[in-house]
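Read off the chains here:
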Amino acid sequence: MGRRVLVVGAGGREHALGWRLATSPSTDALASAPGNPGLAELGPTHQLDPTDPVAVAELAERERSDLVVVGPEAPLVAGVVDELIRRGIPAFGPTAAGAHIEGSKAFAKEVMAAAGAPTGAAVAATDPDTAYAALERFGPPYVVKADGLAAGKGVVVCGELADARRAVDDALVAGVFGDAGSRVVVEEFLAGPERSVFAVCDGEDAVLLAPAQDYKRAFDGDAGPNTGGMGAFCPVPGFGLADVHHLADLVVRPVLRELADRGTPYRGLLYAGLVETAAGPKLLEFNARFGDPETQAILPRLASDLGDLLAAAATGQVADVPVTWHDAAAVTIVLASGGYPDSYVTGQPISGVDAAATDPDVEVFHAGTARDADGALVTAGGRVLAVTATGADLSAARTSATAAADRIRFDGLQRRTDIAAAAG
Ligand code: GLY
């Protein structure tokens with residue numbers, strides 16, 4: 001008997017998780033909440049507020065779920081996993097106490113320091129004068145972050161002191177981020193290439209996933225504003241599994257020990273963002289969930305059973321689960337609404353998704369899509385679709401992903417054309 005799995009969330013990451021879980025031999029049935037039109041093709045979707053722990057837990061009970069996989073950070077921070085555990089339902093994802101490492105940047109910095117993990121200096125401040133003093137101390141480039149979850153908008157990196165002080169005032173005085181900005185973290189700038197490590201954690205130990213490279217800026221050539229991510233590729237030349245094993249010993253396992261010692265063992269995905277500085281790798285931040293769109297590039301390469309791995313993180317020992325990878329490379333191109341990450345219109349008809357997916361090497365993951373009253377697919381968010389292609393190498397995968405993306409149309413479609421171009 002396999003598992004009945006419930007995926008919580010509605011984005012491209014959740015569609016990729018659901019897709020890989022649905023193709024895992026250990027999965028008997030897949031449902032999602034609230035899901036999206038892509039997840040609806042894999043099993044029933046249930047409309048609910050994913051940040052309502054009781055609503056999610058009651059659904060999991062009705063669904064007789066053997067495993068609940070929580071995708072986004074907001075339900076984790078809201079305590080969805082705590083409620084599931086209270087009812088004896090296995091859940092992949094940290095409790096609210098664990099997810100606090102993403103929910104509070106000041107807490108994350110405090111845990112990094114206590115664990116002895118290398119990171120840059122930082123000062124947490126609830127009053128402007130303390131923050132201004134830290135800006136003077138660290139010098140340019142200035143880094144000011146809202147402490148809490150600010151929908152990816154709470155981070156300012158700038159060269160002018162006046163702009164940095166304005167960022168402090170926006171958060172602490174004008175309250176533009178609400179509670180999330182009632183405290184700011186002023187950080188020492190870390191110069192160097194950014195690396196991400198994805199660790200599936202069981203509270204004590206971790207299994208590392210193949211690293212992926214994300215593209216944060218909206219436009220080609222890394223121009224334009226920061227986004228949630230406009231594309232990704234995997235594997236990353238020069239940064240393979242051997243490299244992440246070293247980083248896991250340096251940052252992931254010490255942090256797991258620290259959290260376990262505090263009585264809050266961390267089970268779920270620990271996403272460690274690092275910078276390769278001249279003085280060695282230093283931790284920038286933690287996320288408490290899979291990266292989006294990195295997941296859409298990583299999971300098509302996973303050859304072993306995702307359900308067994310996530311279930312072991314929830315209730316067992318991840319080291320007992322074999323994890324293997326296909327040799328193929330994967331490239332993911334995000335198709336976004338015009339204007340994203342700022343304002344954009346929704347409800348635009350989407351064509352070409354089925355045509356794009358006729359290539360057996362292509363998966364089209366839904367993110368911001370919906371069905372209109374007639375059942376037609378329309379845009380419903382900033383990041384609309386993530387087109388992933390696999391190929392013998394990054395160049396072949398990029399060619400297929402580009403051809404598939406070319407077949408998809410909607411008014412205002414915006415995407416990068418340089419994903420993985422310099423890599424393969
Ligand atoms: N793509 C970056 C993130 O998921 O945070």
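Please refer to the structure higher up on the page.
Throughout what follows, the structure given in this document is the object of discussion. For clarity, every value in this text was computed on a predicted model and none was experimentally measured. Position labels on residues start from 1 in each chain and follow its written sequence. Two thresholds apply to this predicted model, a pLDDT of at least 70 for residue-level local features and 80 or more for giving and counting side-chain atom pairs, whereas whole-chain, interface and lining totals are computed over all residues. Only heavy atoms go into the side-chain values, all of them from the structure, while hydrogens and water stay out.

## Things to note about the overall build of the protein
Along the backbone of the protein there are 14 helices and 21 strands. Based on the C-alpha atoms only, the size of the protein along its principal axes is roughly 55 × 45 × 45 Å. Burial status follows relative accessibility: with a 1.4 Å probe on protein chains alone, a residue under 20% of its type maximum counts as buried, one over 50% as exposed, and anything between as partly exposed. With 424 residues in all, the protein has 55% of them scored as buried. Partitioning the intrachain contacts of the protein with sequence separation of at least 6 by distance along the chain shows that 69% fall at a separation of at least 24. Here the protein displays about 16500 Å² of accessible surface, and carbon together with sulfur accounts for 50% of that area. Looking at the protein, you have 33 positive and 55 negative side-chain charges, and the mean spots of the two groups are 1 Å apart. Helix and strand definitions follow DSSP, with helices as H or I runs of at least four residues and strands as E runs of at least two, each counted in order from the N terminus. Between two residues, a contact is recorded if the distance between any of their heavy atoms is within 4.5 Å. Surface exposure here means Shrake-Rupley accessible area, sampled with a 1.4 Å probe, where a residue is shielded only by the protein chains that are shown. Neither His nor the chain termini are counted; the positive set is Lys and Arg, and the negative set is Asp and Glu. Lysine's charge is taken at NZ, arginine's at CZ, aspartate's at CG and glutamate's at CD.

## Here we look at the pairing of strand β6 (residues 142-146)
Most of β6 is tucked away, with five of its five residues classed as buried. Neither face of β6 is left uncovered, since the one carrying Tyr142, Val144 and Ala146 and the one carrying Val143 and Lys145 both have all their residues buried. Pairing geometry for β6 and strand β7 (residues 155-158), over four bridges, is antiparallel. Bridge pairing in β7 links Val144 to Val156. Strand pairing is assigned whenever DSSP identifies at least 2 bridges connecting the two strands. Of the strand pairs in this sheet, β6 and strand β8 (residues 184-187) are connected by four bridges, and their pairing is antiparallel. If you follow Lys145 over to β8, its bridge partner there is Val185.

## Observations concerning the packing of helix α6 (residues 96-103) against helix α7 (residues 105-115)
Where α6 contacts α7, the axes come no closer than 6 Å and their chain directions differ by 105°. Here α6 lies roughly perpendicular to α7, going by the angle between them. Where α6 abuts α7, its residues Ala97, His100, Ile101 and Gly103 lie against Lys105, Phe107 and Ala108. Partitioning the contact of α6 with α7 into residue classes produces four nonpolar, two polar and one charged. Simply put, an axis is a line fit to the C-alpha atoms, just over the touching stretch for a helix, and the angle between two N-to-C directions goes from 0 to 180 degrees. Reported orientations rely on four angle classes, namely roughly parallel under 35 degrees, roughly antiparallel over 145, roughly perpendicular from 65 to 115, and oblique for the rest. Polarity classes work like this: nonpolar for Ala, Val, Leu, Ile, Met, Phe, Trp, Tyr, Cys and Pro, charged for Asp, Glu, Lys and Arg, and polar for all others, with Gly in that last group.

## Some thoughts on the site of the ligand
It suffices for a single heavy atom of a residue to lie within 4 Å of a molecule or strand for the residue to be listed as near it. All residues in the neighbourhood of the ligand are listed as Asp214, Lys216, Gly228, Tyr271, Asn287, Arg289, Gly291, Asp292, Pro293 and Glu294. Within the side chain of Glu294, an N or O atom sits 2.9 Å from a nitrogen atom of the ligand. When the ligand sits alone it has 200 Å² of accessible area, and the protein chains cover 89% of it. Classifying every residue of the shell around the ligand gives two nonpolar, three polar and five charged. Residues adjacent in sequence count toward polar contacts only when both atoms are side-chain atoms; beyond that, a polar contact is any pair of N or O atoms within 3.5 Å, and within protein one must be able to donate a hydrogen and the other to accept it.

## As for the sheet that holds strand β16 (residues 280-287)
Read across the open sheet, the four strands follow the order β10-β9-β15-β16; overall the sheet is antiparallel. At either end of the open sheet lies a strand with only one pairing partner, and these are β10 (206-208) and β16. For this sheet, the mean inter-axis angle between neighbouring strands, taken without regard to orientation, is 35°. Of the pairings in the sheet, the one linking strand β9 (residues 194-202) to β10 comprises three bridges and is antiparallel in character. Across the sheet, Ala199 pairs through a bridge with Leu208, a residue of β10. Where helix α10 (residues 241-261) meets the sheet, it contacts β9, β10, β15 (267-277) and β16, and its direction lies at approximately 155° from that of β10.

## Quick word on the environment of Glu41
Summarising the element assignment, Glu41 is placed in the loop between α2 (37-40) and α3 (53-63). Sequence separation between Glu41 and Trp19 is 22 residues; the distance between their C-alpha atoms is 9.4 Å.

## Quick look at the nonpolar core
Note on soluble globular proteins: their nonpolar side chains tend to be buried together. Nonpolar core, defined: a set of buried Ala, Val, Leu, Ile, Met, Phe, Trp, Tyr and Cys residues in which side-chain atoms within 4.5 Å join the residues together. Judged by nonpolar contacts, the single largest core of 72 residues is most densely connected at Val197, Val252, Leu270, Phe286, Val331 and Ile408. For this core, the element with the highest residue contribution is α10, accounting for eight residues. Counting 42 residues, the second-largest nonpolar core is a separate cluster that includes Val5, Leu67, Phe198 and Leu302.

## Section: the side chain of Ser400
Position of Ser400 among the secondary structure elements: in helix α14 (residues 394-406). The exposure class assigned to Ser400 is buried, which follows from its relative accessible area of 18%. With residues near it in sequence (within four places) discarded, Ser400 still touches Asp359, Val362 and Ala389.

Shape descriptors only; they carry no functional weight alone.
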